[in-house]
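Report on the structure
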Amino acid sequence: MNFYRTLMNGSYGLVEIKLGGEKLIRDGVATLVELAGKIDT
């Protein structure tokens, strides 16, 4: 699951929920980095 939320002060937060081993964690990090790159700050 991925969550993206714009906060009241204009900043944002990203959360990736992964249950599993090291590969899933690496995949989650890659997803968050890609999503963060799409956000115009």
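Residues numbered from 1 in each chain as written. Predicted model: local features only at pLDDT ≥ 70, side-chain atom pairs only at ≥ 80, totals over all residues. Heavy atoms only, no water.

A word on a nonpolar patch on the surface. Taken together, the side chains of Ile-25, Val-29 and Val-33 present a nonpolar region at the surface, about 270 Å² in accessible area. By secondary structure assignment, the location of Val-29 is in helix H1 (residues 22-38). Assessed through its relative accessible area of 47%, Val-29 is described here as partly exposed. (Patch = residues over 30% accessible without salt bridge, like charges linked within 9 Å, V, L, I, M, F, W, Y side chains within 5 Å. Areas by Shrake-Rupley, 256 points an atom, 1.4 Å probe, with all protein chains shown as cover. Salt bridge = Lys/Arg side-chain N within 4 Å of Asp/Glu carboxyl O. Helix = DSSP H or I, 4+ residues; strand = E, 2+ residues; numbered from the N terminus. Buried < 20%, exposed > 50% of the residue type's maximum accessible area, 1.4 Å probe, protein only.)

Turning our attention to the confidence of the model for the protein chain. When pLDDT is averaged across the protein chain, the result is 77; 83% of the residues are at 70 or more. Across the protein chain, H1 holds the top mean pLDDT of 84, while strand E1 (residues 2-6) sits lowest at 65. (pLDDT = per-residue confidence, 0-100.)

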